[in-house]
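Chain by chain, the residues run as shown.
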Amino acid sequence: MMIQNVETDRLISSERNGWQADINMVKPISNNWNFRGGVSWLSMHNWAKYQTGTDQIIYKPANTLGNSLGVDILQNVGNTVYESQQLQMIGLKADVQKFFRISGRNRYFVSLGASALLALKDAEPKAFANFSLGLQHILSQKVFLTFEPTTSYSLTGLSDDEHLLSTNAYNVGLRVGVSFSVK
């Protein structure tokens, strides 16, 4: 079977909605560096549209009904297929945060890390690379509010026995969190 014309409609699409919840511990490495690690739950949709074909070809001569182009046409016999997966994963997440600007009650940072997740449907391990930019607003000496636009990309293909394609999914989102210092 031949697969061709693989596409996903848009970068951000309602068919790709999902959510993620994390419980993290943060360990300061220095004044400007933190290590953040914890448990993560991810629920996301992954979808693609493609055409399948066989080795059968339809020949339409230029002078036949239904051929308005006026030239001979060779057309592959096939179908348009829509694949959609609901993915639920749980696992570990770790990253490092680099604070690059501190002004008043706001701390700005960049974060780079990885997640090792297990797909609940088939117990397949999945790996994601994570990147984010964030703002941490200090509410009090022990409470912080975080806004963090984030993106992650699957380093391992996402597929199962029901689907023909293996895709590397990506997430784009906004992480909002409240942190408490227990020192």
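Above this text is the structure in question.
Please read these numbers as outputs of a predicted model, since none were measured by experiment.

### Observations concerning the environment of Val26
Mapping Val26 onto the fold places it in strand β2 (residues 18-28). By relative accessible area, which is 44% here, Val26 ends up partly exposed. For the pair formed by Val26 and Gly38, sequence separation is 12 residues and the distance between their alpha carbons is 8.7 Å. Leave out the neighbours within four places in its chain, and Val26 touches Asn34, Phe35, Arg36 and Gln97.

### A look at the pattern of salt bridges
The full count for this structure, using the stated rule, is 5 salt bridges. Taking the shortest distance from any N to any O, the salt bridge between Asp22 and Lys93 comes out at 3.3 Å. Here Lys93 lies in strand β4 (residues 73-103) and Asp22 lies in strand β2, a separation of 71 residues in the sequence. Residue classification places Asp22 among the partly exposed residues on the basis of a relative accessible area of 25%. For Lys93, a relative accessible area of 7% puts it in the buried group. Arg175 is paired through a salt bridge with Asp22; the nearest N and O atoms lie 3.7 Å apart. You can see Arg175 sitting in strand β8 (residues 170-180) and its partner Asp22 sitting in strand β2, a full 153 residues away along the chain. In the salt-bridge network here, residues are joined through shared partners; they are Asp22, Arg36, Lys93, Asp95, Glu148 and Arg175.

### Quick look at unusual backbone geometry
In this model, Ala123 sits at a positive phi of 60 degrees, which is unusual for a non-glycine residue. Among the secondary structure elements, Ala123 is positioned in the loop between β5 (106-119) and β6 (125-140).

### Notes on the environment of Ser115
Within the secondary structure, Ser115 is located in strand β5. Exposure remark for Ser115: the relative accessible area of 6% places this residue in the buried category. Spatially, the C-alpha atom of Ser115 lies 9.2 Å from that of Ser154, the residues being 39 residues apart in sequence. At 2.9 Å, the side chain of Ser115 and the side chain of Asn130 are in polar contact.

Calculation rules
Every chain is numbered on its own, with residues counted from 1 as its sequence reads. Side-chain atom pairs in this predicted model are given and counted only at pLDDT of 80 or more, local residue features only at pLDDT of at least 70, and totals for whole chains, interfaces and linings cover all residues. Think of the side-chain values as coming from all heavy atoms in the structure, minus any hydrogens and water. Working definition: helices are DSSP H or I runs of at least four residues, strands are E runs of at least two. Numbering for both runs from the N terminus. Relative accessibility thresholds used throughout: buried, under 20% of the residue-type maximum; exposed, over 50%; partly exposed, between the two (1.4 Å probe, protein chains only). Pairs of residues are marked as contacts when any of their non-hydrogen atoms sit within 4.5 Å. Only one rule defines a salt bridge in this text: a Lys or Arg side-chain nitrogen within 4 Å of an Asp or Glu carboxyl oxygen. Polar contacts here mean pairs of N or O atoms no more than 3.5 Å apart (in protein, one a potential hydrogen donor and the other a potential acceptor; neighbouring residues in sequence count only if both atoms are side-chain atoms).

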